[in-house]
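Examination of the molecular architecture
Residues per chain, in single letters:
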Amino acid sequence: MPIAYVDVRFCAHATEDLDKVIEAVQNVLPSDHIEDITFQRSNLEGHYGNPITFFDTRIKNKKAVKALVENISANLSSLDKEELGRTINRCVEKGSLFIRLDKQAALKGKTKFATSDPIRIRIRFRKNKTEDVIQICREIGLIT
């Protein structure tokens, strides 16, 4: 397995339904490994004093990591894969690929990239060179 671990982070703002945000994230996670994935939960305060619930986990289980990456790869549109392929140099740093998924789309069972208020995913590869990460992403179908 060329991937060491995957970090998943997301926030639920006071204006969002916490259960729906969690459901959206669970739609991205591999269904047969949801019970194995535990999130740390922190209560934060926004700029204007608004409550924010922050969730964070690191997935190290090889089967769960493989299933998660395969799930993302299988459900990304070809346009998103092409876009990632074009911009991957900006998304890779020191052996990690950073992607952001749309929470609203995830709630509807779709996997697509987002820029604002996303589900943040860091895929940490066992190799550090950007060229190696790009090649692995191509092999696992994350980019075309």
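Let me begin by describing the structure that accompanies this report. (Residues numbered from 1 in each chain as written. Predicted model: local features only at pLDDT ≥ 70, side-chain atom pairs only at ≥ 80, totals over all residues. Heavy atoms only, no water.)

1. Section: the overall build of the protein
The helix and strand tally for the protein stands at five helices and six strands. Going from N to C terminus, the protein has its helices and strands arranged as β-α-β-β-α-α-β-β-α-β-α. In terms of overall dimensions, the protein is globule-like: its C-alpha atoms have a radius of gyration of 15 Å, near the 15 Å expected for 144 residues. Taking the principal axes of its C-alpha atoms as reference, the protein extends roughly 45 × 30 × 30 Å. Evaluated residue by residue, the protein yields a buried proportion of 42% over its 144 residues. (Helix = DSSP H or I, 4+ residues; strand = E, 2+ residues; numbered from the N terminus. Rg over C-alpha atoms; globule rule 2.2 N^0.38 Å. Buried < 20%, exposed > 50% of the residue type's maximum accessible area, 1.4 Å probe, protein only.)

2. So, the nonpolar core
Counting residues in each nonpolar core, the largest one holds 37 residues, and the members touching the most others are V6, I72, L97, I121 and I123. Counting only elements with at least two residues in this core, the list comes to β1 (3-13), α1 (18-28), β3 (51-59), α2 (62-75), α3 (78-91), β5 (96-101), β6 (119-125) and α5 (130-139). Once residues lying within four places of it in the same chain are set aside, the contact partners of I72 are V28, I99, L101, T111, I121 and L142. (Core = buried A, V, L, I, M, F, W, Y, C linked by side-chain atoms within 4.5 Å. Contact = heavy atoms within 4.5 Å.)

3. Section: the pattern of salt bridges
Per the counting criterion, the structure on display carries seven salt bridges. The salt bridge partner of D7 is R122, with a shortest N-O separation of 3.5 Å. On the criterion of sequence distance, the pair formed by D7 in strand β1 and R122 in strand β6 is long-range, its members being 115 residues apart. D7 gets classed as buried once you look at its relative accessible area, which sits at 9%. By relative accessible area, which is 22% here, R122 ends up partly exposed. Ionic pairing is found between D56 and R9, a salt bridge with its closest N-O pair at 3.7 Å. Separated by 47 residues along the polypeptide, D56 in strand β3 and R9 in strand β1 bring together distant segments of the chain. (Salt bridge = Lys/Arg side-chain N within 4 Å of Asp/Glu carboxyl O.)

4. Some details on the packing of aromatic side chains
Scanning all chains against the criterion turns up three aromatic pairs. Taking the centre distance of 5.3 Å and the plane angle of 75° together, the rings of F10 and F39 count as edge-to-face. Placement of the pair is F10 in strand β1 and F39 in the loop between α1 and β2 (40-45), with a sequence separation of 29 residues. Exposure remark for F10: the relative accessible area of 3% places this residue in the buried category. Here the aromatic residues F10, F39 and F55 are joined through ring pairs into a cluster of three or more. (Phe/Tyr/Trp six-rings, centres within 6.5 Å; stacked < 30°, edge-to-face > 60°.)

5. A few points about the sheet that holds strand β4 (residues 92-93)
Spatial ordering of the open sheet is given by β2-β3-β1-β6-β5-β4, a layout of six strands whose pairing is antiparallel. The sheet is open, and its two borders are formed by β2 and β4, each paired with just one other strand. Pairing analysis gives eight bridges linking β1 to β3, with the strands arranged antiparallel. Bridge assignment links F10 to a residue of β3, and that residue is F55. Relative to the sheet, α1 contacts β1, β2, β3, β5 and β6, its axis offset from that of β1 by approximately 160°. Against the sheet, α2 contacts β1, β3, β5 and β6, and its axis sits at roughly 65° relative to β1. (Pairing = 2+ DSSP bridges. Axes fitted to C-alpha atoms, helices over the stretch in contact; angles between N-to-C directions.)

6. Overview of α5
Every buried residue belonging to α5 is among V133, I134, I136 and C137, and all of these are buried. The arc that holds the buried residues of α5, viewed along the axis, is 165°, so those residues lie on one side. Exposed residues lying more than 90 degrees from the buried face of α5 are E131 and E139. On its buried face, α5 is in contact with α3, β4, β5 and β6. Following α5 by one or two positions, G141 adopts a phi angle in the positive range, close to 85°. (Arc of directions from axis to C-beta.)

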